[in-house]
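# A look at the structure
Letter by letter, the chains look like this.
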Amino acid sequence: MTITELSQIWHKTKSALSQVITHLEREGLLTKSRKEGNAREMRLELTELGRRMSRAHKRYDTEDIARTTAELRRECTEAEVDAFYKVLSVYNRVMEDDFQARPPRRGRRTR
């Protein structure tokens, strides 16, 4: 994956992602290399440590969601929890659609 592709997926500037990527590279979680056929683009690839960290993070997220859902079910009915997740899903889609409709920001904000 390239920084440009990540910026489109995460809706972040290439500059902001570049800083994060530099940090992740220093920590040994990913590598950068020139994209074949295009010397200006960098190809990003997780290292083995990066893959292990990614799996651990996904496991943590899954466990955290399970704990949160269990906590909700202690005080809410199954129907209430289901309704909550449905509303949350629609809300996320509306926010994503709104974000997609906005033109990309350029440079710094002025006050």
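Notes on the structure in this doc start here. (Residues numbered from 1 in each chain as written. Predicted model: local features only at pLDDT ≥ 70, side-chain atom pairs only at ≥ 80, totals over all residues. Heavy atoms only, no water.)

## Comments concerning the packing of helix H3 (residues 48-75) against helix H4 (residues 78-101)
In contact at an axis separation of 8 Å, H3 and H4 are set at 130 degrees when each is read in the N-to-C sense. Classified by the interaxial angle, the pair formed by H3 and H4 is oblique. Crossing of H3 against H4: the hand is right-handed. Facing H3, whose interface residues are Thr-69, Leu-72 and Arg-73, H4 presents Glu-78, Val-81, Asp-82, Phe-84 and Tyr-85. (Axes fitted to C-alpha atoms, helices over the stretch in contact; angles between N-to-C directions. Helix = DSSP H or I, 4+ residues; strand = E, 2+ residues; numbered from the N terminus. Parallel < 35°, antiparallel > 145°, perpendicular 65-115°, else oblique. Left-handed = near helix turned anticlockwise from the far one by under 90°. Contact = heavy atoms within 4.5 Å.)

## Some words on the nonpolar core
Buried together is how nonpolar side chains tend to be arranged in soluble globular proteins. In terms of nonpolar packing, the biggest core is built from six residues, these being Ile-3, Leu-6, Leu-17, Ile-21, Leu-30 and Leu-44. Elements represented by at least two residues in this core include exactly helix H1 (3-10) and helix H2 (14-26). Among residues more than four places away in sequence, those in contact with Leu-30 are Ile-21, Leu-24, Glu-25, Leu-44, Glu-45, Leu-46 and Thr-47. (Core = buried A, V, L, I, M, F, W, Y, C linked by side-chain atoms within 4.5 Å. Buried < 20%, exposed > 50% of the residue type's maximum accessible area, 1.4 Å probe, protein only.)

## Description of H1
An α-helix turns once per 3.6 residues; consequently, residues spaced three or four apart project the same way. Taken together, the buried positions of H1 are Ile-3, Leu-6 and Ser-7. When H1 is viewed along its axis, its buried side chains cluster within an angular range of 100 degrees and face the same direction. Looking at the buried residues of H1, the elements they touch are H2 and strand E2 (38-46). Remark: His-11 follows H1 within two positions and exhibits a positive phi of approximately 55 degrees. (Arc of directions from axis to C-beta.)

## As for the side chain of Ser-7
Mapping Ser-7 onto the fold places it in helix H1. Ser-7 sits in the buried class, given a relative accessible area of 11%. In terms of polar contacts, Ser-7 uses its side chain to reach the backbone carbonyl oxygen of Thr-4, at 2.7 Å. For Ser-7, the contacting residues outside a window of four places in its chain are Lys-12, Thr-13, Lys-14 and Leu-17. (Polar contact = N/O pair within 3.5 Å; in protein donor to acceptor, adjacent residues only side chain to side chain.)

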